[in-house]
Structures are given as structure tokens and as C-alpha cells.
Amino acid sequence: MNPRPEGTIGTVKQPRPQPTRLRLWLILLLGIPLAIPALGQDGEATHLGAWLHTISDLRGPVALDYTEGGALWVVEADGNRLSLFGPSGKPSRQLESSGPWLNPRGVAVDTRLYVSDPAYRRVLGIAVEAWHEADTVVQGPSGLCEPGALDAKDGRLVIADPLGGRVVLFQGSKRLELGVGLLGEPTGVCLDDEGGTWVSDAARARVEHFDPDGNHVGGFGDYGAFRGLLAAPSGIAWWNHRVFVADRDNHRISVHTEGGDLLYTVGLHALRPREGKGLLHYPSAIAVSADGTRLAVAEPLDGRVQVFSRAMGAEPTVDPLRRVTPQASAHYGPAIRASGQWMLLVEPETHSVLLHDTRRDEAPIELTSFGRRGSALGRWIQPEGIWLDLEERTAWVSDPTAGILDQVLLRIDPQAPLNQHLGAAAWVRRVNLRALKRDLGGVSVFHDPRPTAICRREGKTYVIDRANRCVLVIDETQTCVKVLGAGVLLKPIDLCFDPKGILWISDAWQGRILGFDPNSGESRGSRGAGALQSPDGICCDQEGRIFVSDRAANRVLRFSSLGAVDLSIGKEGLGPEGLLGPRGLSIGKDGNISVVDHGNHRCMVFTTEGEFVRAFGSKLHVRPAMQPKIYDEWGNKR
Amino acid sequence: MKASTWTWILCLALGACGGEETQPVAADPPTAESTDPKPADEPLPLKADANGGGFRLELIPSPHPIPLNRDFSLRFRLLDNEGKPLAEPLKHMALDADMPEHGHGMKIAPVLEEKDGWIHASPLLFHMPGLWEIYVDRTQGHVTERAQLSFKVY
């Protein structure tokens with residue numbers, strides 16, 4: 001492994017003159033008073049990029065902002081709380097979930113603290129000293145779909161609404177909607193000193209710039225891994241005519257001029273599990289302190305915030321010889337579905353879906369992969385929900401960003417000897433749910449549909465619409481004939497049928513699963529309140545036992561057919577019981593349950609009694625589970 | 001070097017040059033009923049049902065066989081399941097081609113024009129040897145359906 005210079009991760013460090021032996025002695029003798037002038041010879045510390053410290057053990061940090069005094073507010077989404085840290089990273093205050101919000105997602109500090117509360121489609125203005133009560137409730141001119149990132153400056157407040165595909169700017173009595181029809185999924189937003197708004201658009205891999213009147217005046221970025229390109233840009237910050245972008249899927253922070261030229265990058269992709277100290281893993285939000293001396297980066301999967309300070313030396317330029325971010329093994333998830341011996345998995349980084357065969361007792365064999373990034377038939381911006389039917393040799397895939405549902409024919413003989421089948425997928429049709437003009441099953445909805453998890457039964461397709469928080473029922477003519485759960489669900493994630501025909505839906509913000517009669521739409525009870533923190537994937541076995549992955553608690557819970565929790569599988573880690581942010585679940589032909597261990601780049605297979613069977617995926621992450629005598633719980637060799 | 005050796009080299013060279021021409025269509029299920037090559041003035045269309053069975057596709061490439069790394073054009077029309085031509089607006093149709101085993105498509109985008117009951121697409125370019133698929137997508141309301149034909153190009 002190449003040595004990596006400490007303190008200048010992702011930047012080009014200016015060579016420092018070697019101190020003479022005499023000066024070394026002097027430094028030793030006289031200490032700091034002489035050492036500081038020696039460092040000063042390197043020039044002024046002008047650019048952000050030297051790792052300073054890490055704030056660890058956070059519960060899903062998804063947003064942050066600096067106060068004028070240099071303290072840092074962090075939103076811990078999985079803990080339903082806001083935490084305040086001093087300039088040294090020392091915790092100083094926590095606003096717990098008993099506050100006025102249900103699930104905080106974004107934060108901005110101005111004269112008051114603004115917190116986005118997507119569960120109630122609103123933003124709250126809170127005086128910190130009386131935080132238990134919001135003094136301001138902000139909603140968009142035509143309603144916010146799911147407010148996320150925020151920024152506030154000099155009386156202006158800007159709100160990113162990723163599921164609504166727009167940004168809302170509040171300026172005095174003015175309320176403007178920015179980027180309608182332009183933005184795909186605005187995940188980050190910030191204000192500059194001149195009244196402009198900057199928006200990072202994860203779906204389009206772009207940064208867009210709007211003037212104070214809300215007019216689009218330009219932007220930069222395109223999709224890719226090379227420096228200067230972006231992959232799912234998430235957080236964004238502006239300081240001193242520099243635009244800082246959390247380039248999430250490239251695992252780095254890109255620093256650009258306002259014209260879009262790349263100046264330098266901060267951070268390298270963490271390749272080994274839990275690597276830090278300047279190595280990044282899905283940086284999702286960033287903030288720059290008011291004086292420009294601190295850059296804070298939130299990494300929800302690793303539960304940490306890394307803080308960078310100014311590095312010594314002149315502002316670096318891009319080193320053309322430096323290797324591009326190494327491509328580590330991709331993650332799996334969120335979805336997994338099994339049918340007979342086949343198993344389907346989403347691979348988010350490659351924007352594709354993988355078909356496996358589980359005929360062998362060992363790890364499954366990948367038969368084919370299909371789809372790539374794009375908007376034409378055969379491509380997706382981000383595939384998310386999947387369904388598999390071995391008998392029909394058909395797969396269904398949803399893309400919430402594009403609002404579509406694809407049906408794909410898998411031209412593979414299930415009985416044929418195991419082999420790779422490149423190009424075996426043939427697209428049958430694409431259902432564009434946005435073209436339904438918001439008329440879904442006779443129910444008029446307010447937001448463009450965002451289809452996610454899919455389940456099929458008796459010729460009907462049940463698909464979760466995240467934007468409208470319901471389940472769409474689509475018949476064989478591809479017409480939406482019914483809407484289930486509207487007004488009841490808050491954040492539906494996954495769905496499955498039990499043997500009695502009840503449709504079960506996991507709801508992350510309600511912390512439980514809810515049952516519905518698929519015909520009448522009536523409630524059939526709920527499970528898991530108090531036991532589940534952030535329910536995600538869900539599946540049911542033939543005995544009617546329901547398995548639910550709890551993403552925030554790093555475990556899978558089993559509910560008996562009577563509704564009681566009777567088994568917990570997994571704990572945080574990499575060993576045979578280890579999980580990190582588990583997502584989709586599926587029960588295969590052998591009766592074992594496969595868990596998408598999303599944060600650990602692997603899939604874990606357990607018996608329905610919770611015994612570890614095998615792991616497959618990234619070798620680095622599979623080894624600690626498969627060879628626990630050689631590797632410890634954190635992947636280090638014993 | 002012996003004369004026989006030179007003959008072999010000449011034969012191999014000629015064989016390699018001959019490989020620049022494409023092979024006739026080879027279709028993978030569920031795509032085409034490929035037809036035998038006919039004289040250029042009476043080309044028989046290649047036929048395929050849509051993958052979902054909603055319509056039929058007739059397609060005639062020109063030249064046929066499709067050349068490797070040289071521009072070509074094609075014309076196609078859509079038929080209902082009884083074989084009657086569909087009067088489909090051009091804006092509801094799209095044509096593209098891909099190398100499914102390589103995960104990429106063409107480097108150019110063809111222009112579609114309607115003429116004499118057929119839709120003419122030009123230019124197309126299969127710049128690599130191997131398996132290519134031509135896709136014709138038809139959009140009706142909120143649903144897009146696809147028909148496709150496979151070609152092996154050498």
C-alpha cells in the first residue's frame with residue numbers, strides 16, 4: 001500500500017524545507033515559540049483539507065451547520081435528535097426527540113434554529129432556549145413534499161425538497177419555487193453572500209446556481225468517477241466564492257470555483273471497513289464554519305462527522321498524476337427478492353440489478369446483470385424496488401427518481417447449467433407513473449409518484465409511492481386501480497404478503513409495520529411499536545412469521561404469527577452476527593433468510609432461527625463473517 | 001519462404017478481409033423470425049413480436065447484411081396482431097441499438113422520418129463486431145412497449 005501523507009488527505013501538500021539540525025535543537029530547547037515561525041515559512045494556511053478530528057458514535061448524522069461561534073449542530077436522524085458540539089468536537093447539548101418534530105432531517109442556524117420535519121412536510125423555526133416549542137412553521141407555497149436540507153442566512157431561508165424536485169426560497173414576504181422542471185432530486189442547498197442559491201442535484205449529478213430572484217443562472221457537473229465529475233452530489237456549502245460539494249458516491253468533497261472549475265478534492269474513499277481520519281464513506285452533508293477554518297463532513301452509514309481544518313501551504317491544484325478514486329466493491333441494496341432458486345439484488349453504484357442462482361450450497365452465482373445509468377428504456381437513474389417471478393422469468397424494477405416501473409424478461413433457462421448470461425434481459429414495457437397526471441386509482445394526489453418497493457400477487461402489482469405515502473395497486477393493463485394506506489403511512493419502505501393475504505408495510509417514521517386488507521384497504525393491525533426503531537425490509541415465511549430489518553438498530557426482528565417479537569438476529573459489526581444498516585430481506589427456496597447488509601457491502605444469510613449460514617459480497621467484508629477465527633469483529637486479522 | 005506458405009498467407013489475408021462483411025441476422029428468442037437474404041430490390045422484412053406481445057415489428061436494414069463500422073440505414077413499421085399497419089405518430093416511437101453483452105450502444109443517434117407508410121432511420125453505425133440488438137419502443141399513454149431484433153455483426 002502506498003504511504004498516505006497524514007493531514008493532507010486528497011490535497012497536494014507543498015514541500016516543507018528540512019529544518020537544520022541546529023534549528024531542531026533550538027525547537028527542542030525553546031519549544032513552540034520558535035516552531036511556529038518555522039511552520040510559517042510554508043506560507044499561509046489557505047485551503048480546507050487537513051483532517052482534524054472525528055466526532056464518532058452518532059446515530060445517523062444526516063445534516064449539520066455551524067454557529068457563528070464555531071459550534072456545530074448535527075442532526076442525528078436515527079436518534080431523532082439534534083446535538084451541539086463545541087469547536088473541539090466536545091458534546092455540549094442535545095435536543096431530544098421529545099421536541100416538536102417527529103423526524104428531523106435538515107438544520108440551519110440563523111437568528112433561530114431551523115429544523116426540517118419531513119414527516120409533517122414542514123420546517124420549524126425554533127428559539128434554542130425554548131426549543132420544545134416551534135415559534136415558526138414554514139410550508140411551501142404549494143406544500144412541501146418532503147423537506148430535507150436547509151440553509152439560512154441574513155433572514156433568508158432555503159429548503160430543498162428532493163421528492164418534490166424543487167427548492168423553496170423564503171426571503172421576507174417573498175416565497176419562490178426554484179428549479180421546477182429542472183431539478184431531479186435536490187439533496188443539498190446553500191446560500192451565498194450575494195443572495196444566490198446553490199443546489200446539489202443527486203439525480204442529475206449537477207450543481208445549479210440561482211440568482212436572488214430565483215432565476216437559474218448556470219451550473220456545473222456531470223455524472224462520473226473522474227475528478228471534476230460527480231456521483232450523487234448530496235451536501236453543498238459556499239464560502240468565499242468557493243463551492244464545496246459532498247460528492248457522495250465518489251466518497252470525496254469536491255471544491256469548485258463558482259464557475260465550476262475544480263480546485264481540489266478532500267478525502268479519499270475508505271476501502272477498509274470503518275476507515276476514517278480523512279478517508280470518507282458516503283459523505284452526505286457538509287458545512288463550512290463562518291470564518292472558513294473548519295469543514296465538517298457527515299457520514300450517516302459510519303455514524304460520524306469528520307472535521308477538517310486548513311492545510312498548510314498554497315491552495316493546491318489538481319494533481320494530474322494522482323490516481324482516480326479507487327473503486328471499491330459496490331454496496332448491495334436496498335432491495336432483494338427471491339423466487340425459486342433465483343435471487344435478485346440491486347447494486348446502487350452501478351445503477352443495475354443482479355440476478356443470482358442459489359442452486360449451489362455455497363455463495364450464489366451471478367447469472368447476469370442488467371440496466372445502467374440513463375433515462376431511456378433499459379436504463380435507470382437509480383433502481384430501487386424489485387420483484388422477481390421465476391415461473392414467468394420476469395423481473396420488475398422501479399426507479400423513484402424517474403417515476404417509472406419496468407418489466408424485464410429474463411431469457412435464461414433455469415434448468416440450464418450454471419453459466420453467465422450476458423445480455424439476457426429484454427425489456428418488455430415501461431410504466432411511467434408520472435404520466436398518470438396525478439390521478440391514481442380515482443384518487444387525486446398532490447405529488448408526482450415516486451415508486452419504490454414492489455410486490456406482486458394475483459396479477460396485480462403493489463408498489464409503494466414514497467412521495468404520496470401510499471401503495472399503488474396496478475392491474476394487468478398497467479392502470480392504477482386503487483390506492484392503499486393514504487393518510488395512514490408516513491414513510492413506507494417495504495411490503496410483503498403473509499399467507500393469509502394481508503399486506504404488511506414497514507413504516508420507518510412510525511417505527512412499526514402496518515397490515516392492510518388489499519381489497520378493502522382496511523387496517524389489519526400493526527406490529528413492532530416500541531421494538532422497531534427504523535423498520536426497513538420486510539418478508540414473511542410460510543408459517544406467517546414476519547421478519548423486519550431494523551436499519552438503525554442493526555438487527556432483524558422476527559414477529560410470531562400472533563405478533564410478538566420472538567427472535568432478534570444480528571448486532572452491529574462484521575462478524576457472523578454482524579450487520580450495519582440492514583435493508584432488504586428475502587426468504588429463498590432453501591428456507592433461509594437473506595439480509596442485505598447494506599453498510600457492510602455484503603449479503604448475510606441466516607436460518608429463520610437466526611443461525612448464520614453464509615455471507616457473500618465484498619471479500620473484505622465477507623471474510624470476518626466466514627473466517628471468524630482469523631478475523632476479528634472489525635475485520636482485523638487476529 | 002516456400003510458395004505454398006505465401007499461398008496460405010494470401011488465403012488468410014483474403015479471409016480476414018472477407019470478415020469485414022456482416023453475417024446475416026441471427027435472432028435470439030423472443031425476437032425475430034429472420035428471413036433469408038433476398039435481392040436488394042425485393043428485401044423481405046425481418047419480423048418480431050413486441051416483447052409484451054402488444055404489436056408486431058417489420059424492419060428492413062439497408063444494406064443487408066448490416067456492415068461493420070460503416071453507416072447504414074433501416075426502415076420499419078409497426079403492425080397490430082392481425083398484421084394491419086398501425087398509424088402511429090412518429091413522436092410515440094423511438095429506435096436505438098445496443099451491444100447487450102458489452103453494456104453500451106451506438107455512438108450516433110439516428111434521425112427518424114416517416115415516408116410511404118414506413119419509418120426511415122438513419123444513420124446507424126455498428127462500430128464493433130459482436131451481438132447487436134435493435135430496439136423499437138412504442139409509447140401509448142403512460143406505457144412504453146419494446147420490440148427488438150438481434151444481429152451478429154462480424
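Since the structure is predicted, the reported quantities are computational estimates derived from the model, not experimental observations.

Conventions adopted
- Residues numbered from 1 in each chain as written.
- Chains lettered and ligands numbered in written order.
- Predicted model: local features only at pLDDT ≥ 70, side-chain atom pairs only at ≥ 80, totals over all residues.
- Heavy atoms only, no water.
- Helix = DSSP H or I, 4+ residues; strand = E, 2+ residues; numbered from the N terminus.
- Buried < 20%, exposed > 50% of the residue type's maximum accessible area, 1.4 Å probe, protein only.
- Contact = heavy atoms within 4.5 Å.
- Areas by Shrake-Rupley, 256 points an atom, 1.4 Å probe, with all protein chains shown as cover.
- Salt bridge = Lys/Arg side-chain N within 4 Å of Asp/Glu carboxyl O.
- Pairing = 2+ DSSP bridges.
- Axes fitted to C-alpha atoms, helices over the stretch in contact; angles between N-to-C directions.
- Phe/Tyr/Trp six-rings, centres within 6.5 Å; stacked < 30°, edge-to-face > 60°.
- Lys NZ or Arg CZ within 6 Å of the ring centre and 35° of its normal.
- Buried area = accessible area lost by both parts, 1.4 Å probe.
- Nonpolar A, V, L, I, M, F, W, Y, C, P; charged D, E, K, R; others polar.

A.B. asks: Please explain the overall build of chain A as it appears in this structure.
C.D. replies: Within chain A one finds three helices and 56 strands. Taking all 638 residues of chain A together, the buried fraction comes to 59%. Across chain A, the fraction of contacts at a sequence separation of at least 24, relative to all contacts at a separation of at least 6, is 47%. Approximately 25,000 Å² of chain A is accessible, and the part contributed by carbon and sulfur atoms is 49%.

A.B. asks: Help me understand the overall build of chain B, please; the structure alone is not making it clear to me.
C.D. replies: Helix and strand content of chain B: one helix and ten strands. Along chain B, helices and strands appear, N-terminal first, in the series α-β-β-β-β-β-β-β-β-β-β. If you take every contact in chain B between residues at least 6 apart in sequence, the share linking residues at least 24 apart comes to 55%. When the accessible surface of chain B is totalled, it reaches about 8,300 Å², and 54% of it is carbon and sulfur.

A.B. asks: Just checking my understanding: could you explain the side chain of Asp98 of chain B for this structure?
C.D. replies: Of note, Asp98 of chain B is situated in strand S5 (residues 93-99). Assessed through its relative accessible area of 10%, Asp98 of chain B is described here as buried. Those residues in contact with Asp98 of chain B, other than ones at most four positions away along the chain, are Arg372 and Arg379 of chain A together with His104, Gly105, Leu131, Trp132, Glu133 and Tyr135 of chain B.

A.B. asks: When you look at the pattern of salt bridges in this model, what are you seeing that I'm missing?
C.D. replies: Pairs may arise between side chains of opposite charge once their charged atoms sit close together. All names here are of chain A. All told, the structure shown has 37 salt bridges over all chains when counted by the stated rule. For Arg166, the salt bridge identified is with Glu177, shortest N-O distance 2.7 Å. Linking Arg166 in strand S12 (residues 166-171) with Glu177 in strand S13 (residues 174-178), this pair joins segments that are eleven residues apart in sequence.

A.B. asks: What exactly am I supposed to notice about the sheet that holds strand S27 (residues 336-339) of chain A here?
C.D. replies: Residue and element names in this part refer to chain A. In spatial order, the strands read S27-S28-S29-S30; together these four strands make up an open sheet with antiparallel pairing. Among the strands making up the open sheet, the edge pair consists of S27 and strand S30 (365-370). Shown here is a sheet whose adjacent strand axes are inclined to one another by a mean of 20°, direction ignored.

A.B. asks: Please clarify how the packing of aromatic side chains should be interpreted in this entry.
C.D. replies: Describing an aromatic ring pair means giving the distance of the ring centres and the angle of the ring planes. Counted under the stated rule, the structure contains eight aromatic pairs over all chains. Each ring, one from Phe370 of chain A and one from Trp427 of chain A, has its centre 6.0 Å from the other, and the planes form 80°; the classification is edge-to-face. Linking Phe370 of chain A in strand S30 with Trp427 of chain A in strand S36 (residues 425-432), this pair joins segments that are 57 residues apart in sequence. Ring-pair connections join several aromatic residues into one group, and the members of that group are Phe370, Trp380 and Trp427 of chain A. In this structure, Arg457 of chain A packs its charged tip against the face of Phe497 of chain A, placed 4.8 Å from the ring centre. In this structure, Arg146 of chain B packs its charged tip against the face of Tyr135 of chain B, placed 3.9 Å from the ring centre.

A.B. asks: When you look at the sheet that holds strand S8 (residues 122-126) of chain A in this model, what are you seeing that I'm missing?
C.D. replies: Backbone-to-backbone hydrogen bonds pair the strands of a sheet. The strands run either parallel or antiparallel. Residues and elements named next belong to chain A. Across the sheet, four strands lie side by side as S6-S7-S8-S9; this open sheet has antiparallel pairing. For this open sheet the edge positions go to strand S6 (107-109) and strand S9 (136-138), each flanked by a neighbour on one side alone. When strand polarity is set aside, the average angle formed by the axes of neighbouring strands in this sheet is 20°. As paired strands, S8 and S9 are joined by three bridges and run antiparallel to one another. Across the sheet, the residue bridging to Gly125 is Thr136, located in S9.

A.B. asks: Please explain the pairing of S27 of chain A as it appears in this structure.
C.D. replies: In the case of a regular strand, side chains alternate between the two sheet surfaces. All names here are of chain A. Pairing of S27 with strand S28 (residues 342-347) involves four bridges; the strand directions are antiparallel. Residue pairing for S28: Ile336 is matched across the bridge by Leu345. Between S27 and S28, which pair antiparallel one after the other, the connecting turn spans two residues, and Gly340 there sits at a positive phi close to 60°.

A.B. asks: It is not clear to me how the interface of chain B and chain A should be interpreted in this structure. Could you clarify?
C.D. replies: By convention, interface size is frequently given as the accessible area that disappears when the constituent parts associate. Tallying the contact residues gives 21 residues for chain B and 17 residues for chain A. Between chain B and chain A, roughly 1,500 Å² of surface is buried when both sides are summed, and carbon and sulfur atoms account for 49% of that area. Looking at the side of chain B facing chain A, the largest losses of area belong to His142, Thr144 and Arg146 of chain B, adding up to 37% of the total buried there. Seen at the junction of chain B and chain A, the total is three salt bridges. Element by element, the count of residues in the side of chain B that touches chain A is highest for strand S10 (residues 143-153) of chain B, at five residues. In terms of residue class, the side of chain B that touches chain A is made up of four nonpolar, nine polar and eight charged. Judged from the three bridges that link them, S36 of chain A and S10 of chain B form a sheet pairing that is antiparallel. The residue of S10 of chain B that forms the bridge with Arg429 of chain A is Glu145 of chain B.

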